[in-house]
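Next come the chains, spelled out residue by residue.
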Amino acid sequence: MVNADIEIETLAEFDQVVARGSLSGYRIQSVNLLERTFALLAADTSAAVFLGCAMEPDASAKVRADGALVFPPVPDLPFNPYRGLLYTPEELFEGLSGGYEATPDAETYAWFRETGADRDVFSSMLRSVHDDAISDALDEHLATARVVGVMGGHAMSRGSADYRGAAELGRVLTRSGLTVATGGGPGAMEAANLGAYLAPAPDEALAEALELLAKAPSFEPSVSDWARAAFAVRDRWPGGGDSVGIPTWFYGHEPPNAFAAHIAKYFANAIREDGLLARSTAGVVYLPGAAGTVQEIFDNATPNYYGSRGEPAPMVLVGRTHWTEHLPAWPLLRALARGRAMESRIALVDAVDEVPGVLASMS
């Protein structure tokens, strides 16, 4: 069996497998098994691995006696290091009615700040296990998707023309059959995820949503007000389109946006950034941004230059003045690409409405 076949991540999957009589060799990730004691006592659990699964003591003793490895849940953590699935906005923002500070997202950031500098090997192990579990869940979710990354600065304000343009871009890319993936934060990232979320809705929904969001234009000074405005939009148009956000608690002062249907949030920013770019196999679009976006351009240019990920992925920079005068990344990118396979896979455009056609021509 390959890894994808031996992972059990939901109670429904557990019940399907245990009905066949054997859990031998399976990896059961973060499934609450307190109500499955009889099934565990009856099944063959030799060579199984239980990662963060709550179970009764007699069930735990039996599976250990079978030779299974049991990694019990870790108490008093604001996150689950063994999780088998990506986060949802509802999960990260649970308790928002009482203020953002009480949400699991904020509490996890507080834990990260508290333990990040204490050099406790247990804390660092928990972060690493969590991030590896997130990467596994992300790969499973995107296994058959054509992913296009949309990068851009967190400072882009709701209500601005640039924000509207980024949202329109996310909408048109999603409607074309692509899966939009962003850094999962505010600004340009939120706008692209918003566009993807509203892709199934009537065209006029975007203008109405932008008007609602403009009442809280930034996550500063109040993350709570900013997030509540987003959930008001979600309540107005439930059942939005699919997209992915890949944020990090390393920049935990920037909250995740609520429009990505699936959120892969990491502790390690380097793993998060490389993973986001590596999974954007249908191309990456760079909206105007600052240092973080410049870094992402050249993080992506390097494997394209050396061909270390195979065929170079398309790279489209949006905003001629921004990328040639304000932050002149385009001349350097073009010089790097000259004579390489990536030369035909880079483009500079003036506006977001040019992006879909340019991407299609380079794919």
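Before going into details, it helps to say that this report is about the structure given with it.

Criteria and thresholds
Residues numbered from 1 in each chain as written. Predicted model: local features only at pLDDT ≥ 70, side-chain atom pairs only at ≥ 80, totals over all residues. Heavy atoms only, no water. Helix = DSSP H or I, 4+ residues; strand = E, 2+ residues; numbered from the N terminus. Rg over C-alpha atoms; globule rule 2.2 N^0.38 Å. Buried < 20%, exposed > 50% of the residue type's maximum accessible area, 1.4 Å probe, protein only. Core = buried A, V, L, I, M, F, W, Y, C linked by side-chain atoms within 4.5 Å. Contact = heavy atoms within 4.5 Å. Pairing = 2+ DSSP bridges. Phe/Tyr/Trp six-rings, centres within 6.5 Å; stacked < 30°, edge-to-face > 60°. Lys NZ or Arg CZ within 6 Å of the ring centre and 35° of its normal. Arc of directions from axis to C-beta. Right-handed = clockwise from strand over helix to strand, strands pointing away. 1 Å grid on protein atoms, 1.4 Å probe; cavity = no way out; pocket = protein on both sides within 12 Å on 5 of 7 lines; lining within 4 Å. Points joined across faces, edges and corners; volume = space filled by probe spheres on them. Nonpolar A, V, L, I, M, F, W, Y, C, P; charged D, E, K, R; others polar. Expected span 1.5 Å × (residues − 1). Polar contact = N/O pair within 3.5 Å; in protein donor to acceptor, adjacent residues only side chain to side chain.

## Points about the overall build of the protein chain
And then number 1: In terms of helices and strands, the protein chain carries 16 helices and 11 strands.
And then number 2: Relative to the compact-globule value of 21 Å for 363 residues, the protein chain shows a C-alpha radius of gyration of 22 Å, a close match.
And then number 3: Principal-axis analysis of the C-alpha atoms gives the protein chain an extent of 65 × 50 × 45 Å.
And then number 4: Classification of the 363 residues of the protein chain by burial places 53% in the buried group.

## Let's talk about the nonpolar core
And then number 1: In this structure, Leu 194, Tyr 286, Leu 287 and Leu 333 are the most contacted members of the largest nonpolar core, which totals 91 residues.
And then number 2: The residues contacting Leu 287, other than those within four sequence positions of it, are Val 150, Met 151, Gly 152, Ala 166, Leu 169, Ala 188, Thr 293, Val 318, Trp 323 and Val 352.
And then number 3: Core analysis: the second largest hydrophobic core is formed by 21 residues, Phe 14, Val 18, Ala 43 and Ala 68 among them.

## Some points on the sheet that holds strand β10 (residues 315-318)
And then number 1: The strand order across the open sheet formed by seven strands is β8-β7-β6-β5-β9-β10-β11, and the pairing between neighbours is parallel. The sheet is open, and its two edges are formed by β8 (262-263) and β11 (346-349), each paired on a single side.
And then number 2: Bridge analysis of strand β6 (residues 179-182) against strand β7 (residues 244-245) gives two bridges, and the strand direction is parallel. Within β7, the residue paired with Thr 182 across the bridge is Gly 245.

## A few points about the packing of aromatic side chains
And then number 1: Within this structure, the stated rule accounts for 13 aromatic pairs.
And then number 2: Where Phe 79 meets Trp 111, the ring centres are 4.9 Å apart and the plane angle is 65°; that geometry is what we call edge-to-face. Here Phe 79, found in the loop between β4 (69-71) and α5 (89-92), pairs with Trp 111, found in helix α6 (residues 104-115); they are 32 residues apart in sequence, far enough to count as distant.
And then number 3: Here the aromatic rings of Tyr 87 and Trp 249 are separated by 6.0 Å at their centres, their planes lie at 90°, and the arrangement is edge-to-face. With a gap of 162 residues between them, Tyr 87 in the loop between β4 and α5 and Trp 249 in the loop between β7 and β8 connect regions that are remote in the sequence. The burial state of Tyr 87 is the same as that of Trp 249; both residues are buried.
And then number 4: Within the aromatic cluster, the residues linked to one another by ring pairs are Phe 79, Tyr 87, Trp 111, Phe 112, Trp 249 and Phe 267.
And then number 5: Sitting above the plane of the Tyr 87 ring, Arg 83 keeps its charged end 3.8 Å from the centroid.
And then number 6: For Arg 340, the ring lying beneath its charged end belongs to Tyr 305, and the centroid distance is 3.9 Å.

## Focus: helix α2 (residues 11-18)
And then number 1: For α2, the set of buried residues is Phe 14, Val 17 and Val 18. Seen from one end, α2 has its buried residues packed into an arc of 90°, which puts them on one side. For α2, exposure combined with an orientation more than 90 degrees from the buried face picks out Ala 12 and Gln 16.
And then number 2: Residues of α2 that are buried in the fold lie against β1 (7-8) and α3 (37-42).

## Some words on the pairing of strand β5 (residues 147-151)
And then number 1: In terms of burial, β5 is largely enclosed, as five of its five residues are buried.
And then number 2: Of the two faces of β5, the one lined by Val 147, Gly 149 and Met 151 and the one lined by Val 148 and Val 150 are each fully buried.
And then number 3: Since β5 and β6 lie parallel, the crossover through helix α8 (residues 161-175) that links them has a hand, and here it is right-handed.

## Topic: the layout of surface pockets
And then number 1: Taken as a whole, the largest pocket holds about 500 Å³ of empty space.
And then number 2: Elements with a contribution of two residues or more to the lining of the largest pocket: β5, α12 (269-279) and α13 (291-306).
And then number 3: Among the elements that take part in the lining of the largest pocket, α13 stands out by supplying five residues, more than any other.
And then number 4: Classifying every residue of the lining of the largest pocket by side-chain character gives 12 nonpolar, 12 polar and five charged.
And then number 5: Considered as a void within the structure, the second largest pocket measures approximately 320 Å³ in volume.
And then number 6: In this structure, the second largest pocket is lined by 15 residues; those nearest its centre are Gln 29, Leu 51, Val 129, Asp 132 and Ala 133.
And then number 7: Contributing elements (two or more residues each) for the lining of the second largest pocket: α1 (3-6), β2 (27-29), β3 (49-51) and α7 (121-141).
And then number 8: In the lining of the second largest pocket, the residues fall into nine nonpolar, two polar and four charged.

## Some thoughts on the sheet that holds β3
And then number 1: The parallel open sheet is built from four strands, whose spatial order is β1-β2-β3-β4. On the outer flanks of this sheet lie β1 and β4, each paired with one strand and no other.

## A word on the environment of Ala 133
And then number 1: Note on placement: Ala 133 falls in helix α7.
And then number 2: For Ala 133, a relative accessible area of 8% translates into the label buried.
And then number 3: Along the chain, Ala 133 and Leu 86 lie 47 residues apart, while their C-alpha atoms are 9.0 Å from each other.
And then number 4: Setting aside chain neighbours within four positions, we find Ala 133 in contact with Gln 29, Pro 81, Tyr 82 and Arg 83.

## Focus: α7
And then number 1: Look at α7: 30 Å from first C-alpha to last across 21 residues, which is about the 30 Å you get at 1.5 Å a residue.
And then number 2: Buried residues of α7: Ser 123, Leu 126, Arg 127, His 130, Asp 131, Ala 133, Ile 134, Ser 135, Ala 137 and Leu 138, and no others.
And then number 3: On its buried face, α7 is in contact with β2, α6, β7 and α12.
And then number 4: Where α7 begins, the capping side chain belongs to Asp 120, and its oxygen is found 2.9 Å from the backbone nitrogen of Phe 122.

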